[in-house]
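Next come the chains, spelled out residue by residue.
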Amino acid sequence: PRHIALVPAAGSGSRFGAQMPKQYLPLAGQPLIRHALATLCAHPRIDRVVVALAPEDLYWQGFDWTALGPKLMPVHCGGASRAASVRNGLWEIAGWARPEDWVLVHDAARPCLSAAMLDTLIDTLADDPVGGLLAQKVADTLKRADGADRVEATVPRDAMWQAQTPQMFRLARLADALDRCPDVTDEASAIEAAGLRPRLVAAGAANLKVTWPEDMKLAELILQTQGT
Ligand code: CTP
Ligand code: MG
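Not measured: the values here are computed from a predicted model.

Thresholds applied
Residue numbering note: each chain is counted from 1, following its sequence as written. As a convention, the first chain written is A and the first ligand written is 1, with the rest following in written order. Restriction of local features to residues with pLDDT of at least 70 applies here, the model being predicted, together with a cutoff of 80 or more for giving and counting side-chain atom pairs; totals for whole chains, interfaces and linings are based on all residues. UniProt positions are given in the numbering used here, feature names are shortened, and annotations may be inferred rather than shown by experiment. Secondary structure follows DSSP: runs of H or I at least 4 residues long count as helices, runs of E at least 2 residues long count as strands, and numbering of each begins at the N terminus. Burial is judged by counting the other C-beta atoms within 10 Å of a residue's own C-beta: 20 or more makes it buried, 12 or fewer makes it exposed, and any count in between marks it as partly exposed, with every C-beta position built from the backbone. Think of it this way: build a C-beta for each residue from its backbone, and any pair within 7 Å is a contact. Nonpolar cores are built from buried Ala, Val, Leu, Ile, Met, Phe, Trp, Tyr and Cys residues. These are joined into a set through C-beta atoms within 7 Å. By convention here, the C-beta atom is placed from the backbone, and a residue is near a molecule or strand when that atom is within 6 Å of it. Each residue is assigned to one of three groups, with Ala, Val, Leu, Ile, Met, Phe, Trp, Tyr, Cys and Pro labelled nonpolar, Asp, Glu, Lys and Arg labelled charged, and all others, Gly among them, labelled polar. Here a strand pair is declared whenever DSSP counts at least two bridges between the two strands. Lines fitted to C-alpha atoms define the axes here, with helix axes fitted over just the stretch in contact, and angles between the N-to-C directions of these axes take values from 0 to 180 degrees. Scored from 0 to 100, pLDDT reflects the predictor's confidence in each residue.

Caption draft 1: Quick look at the UniProt feature "site: Positions MEP for the nucleophilic attack" (unreviewed entry) in the chain. Sequence positions flagged by UniProt for "site: Positions MEP for the nucleophilic attack" (unreviewed entry) are, in local numbering, R157 and K209. Within the element layout of this structure, R157 appears in the loop between strand 9 (151–155) and strand 10 (161–170). Residue R157 is classed as partly exposed on the basis of its 13 C-beta neighbours within 10 Å. Within the secondary structure layout, K209 lies in the loop between strand 11 (199–202) and helix 6 (215–226). Sequence-distant contacts of K209, defined by excluding residues within four places in its chain, comprise D107, A109 and R110.

What follows is the structure in structure tokens.
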């Protein structure tokens, strides 16, 4: 099967609070989104890189993407939620891909994705019947609040992971799962709702998502360390 990357990039970055959506802000000399796109396009095992842009996006066309090569495929198919953007992207992909092809959904806002992370994910899931996602074990002690910011309980953390992306599932199964479960915050949740257990593939803290302005400094540091 082929490996198709789908990058939802139709968010507005409301928590970041910048003038433009965070995926277009400059990070280490490039628009933030370009880092992950370059890694995906350069990876020999990724066949196509579909980017789900907001229908009204005017930023994408302001940059020159030709250096990333022919795998890159921007589509103005974004929706009102991340899940809707992904679902719309899957409709585009279904026009030319096969049901059993793998789709790797990766947040535009995770710039520090590396080739090694992709190799680990693809190798681990190659023969997996379900698929899975990059994730990281929780390090901090976890507290559950009672609604008034008081601790109701301490939650054992040994079994707790933070979900990252890419999340890698077969095209047809993922599309079907999202049709049945459109209000999820990640793809794995939809697969879980279908009664399956996605595989957690350990990745480090370097694969962070830029959500708040202070995340930019850390992302820049990580990119420098990776030498990209
Ligand atoms: N995303 C999307 N379509 C949406 C909302 C989000 O494609 N309607 C994308 C974002 O562009 C981002 C990824 O989903 O790459 C993860 O979402 P998040 O970090 O929440 O980004 P935003 O939604 O843009 O930020 P915020 O929630 O702070 O507004
Ligand atoms: Mg969001």
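Caption draft 2: Focus on the nonpolar core. If you look at the biggest cluster of nonpolar residues, it comprises 56 residues, and the most contacted ones within it are A5, L6, V7, V50, A52 and V103. Here this core gets 6 residues from one element, more than from any other, and that element is helix 1 (residues 32–42). In this structure A52 touches L6, V7, P8, A9, A10, V75, C77, G78, S85, V86, N88 and G89, once residues within four positions along its chain are discounted.

Caption draft 3: Examining the site of ligand 1 more closely. Among the 23 residues in the neighbourhood of ligand 1, the closest are listed as P8, G11, S14, R15 and A108. Going through the elements one at a time, strand 1 (3–9) and helix 2 (82–94) are the ones with two or more residues in the shell around ligand 1. By residue class, the composition of the shell around ligand 1 is 9 nonpolar, 10 polar and 4 charged.

Caption draft 4: Broad picture of unusual backbone geometry. For the bond from T165 to P166, the omega torsion is 5 degrees, close enough to zero to count as cis. Notably, A28 is not glycine yet its phi reads approximately 50 degrees, a positive angle. Turning to its location among the elements, A28 is positioned in the loop between strand 2 (26–27) and strand 3 (30–31). For A28, a count of 16 C-beta atoms within 10 Å translates into the label partly exposed. Unlike most non-glycine residues, D149 shows phi in positive territory, near 60 degrees.

Caption draft 5: Geometry of the sheet that holds strand 11. Across the sheet, 7 strands lie side by side as 5-4-1-6-10-7-11; this open sheet has mixed pairing. Looking at the sheet topology across the chains shown, the edges are occupied by strand 5 (72–75) and strand 11. Taking each pair of neighbouring strands and ignoring which way they run, the sheet shows an average axis angle of 30 degrees. Note: strand 4 (residues 48–53) against strand 5, 4 bridges, orientation parallel. Residue pairing for strand 5: V51 is matched across the bridge by P74. Lying over the sheet, helix 2 contacts strand 1, strand 4, strand 5 and strand 6 (102–105), oriented at roughly 140 degrees with respect to strand 1.

Caption draft 6: Summary view of the pairing of strand 7 (residues 132–137). Both strand 7 and strand 10 contribute to a ladder of 5 bridges, which runs antiparallel. By the bridge assignment, Q136 is partnered in strand 10 with Q162.

Caption draft 7: Fine view of the confidence of the model for the chain. Scored by pLDDT, the chain comes out at a mean of 97, with 100% of its residues at no less than 70. Taken over the whole predicted complex, pTM reads 0.97, whereas the ipTM for its chain interfaces reads 0.99.

Caption draft 8: Quick look at the UniProt feature "site: Transition state stabilizer" (unreviewed entry) in the chain. Here the UniProt feature "site: Transition state stabilizer" (unreviewed entry) sits at R15 and K22. Mapping R15 onto the fold places it in the loop between strand 1 and strand 2. Using a count of 11 C-beta atoms within 10 Å as the deciding quantity, one classes R15 as exposed. When sequence neighbours within four positions are dropped, the list of residues in contact with R15 reads T211 and W212. For K22, the position within the fold is in the loop between strand 1 and strand 2. In this structure K22 touches G13, F16, L32, A109 and V210, once residues within four positions along its chain are discounted.

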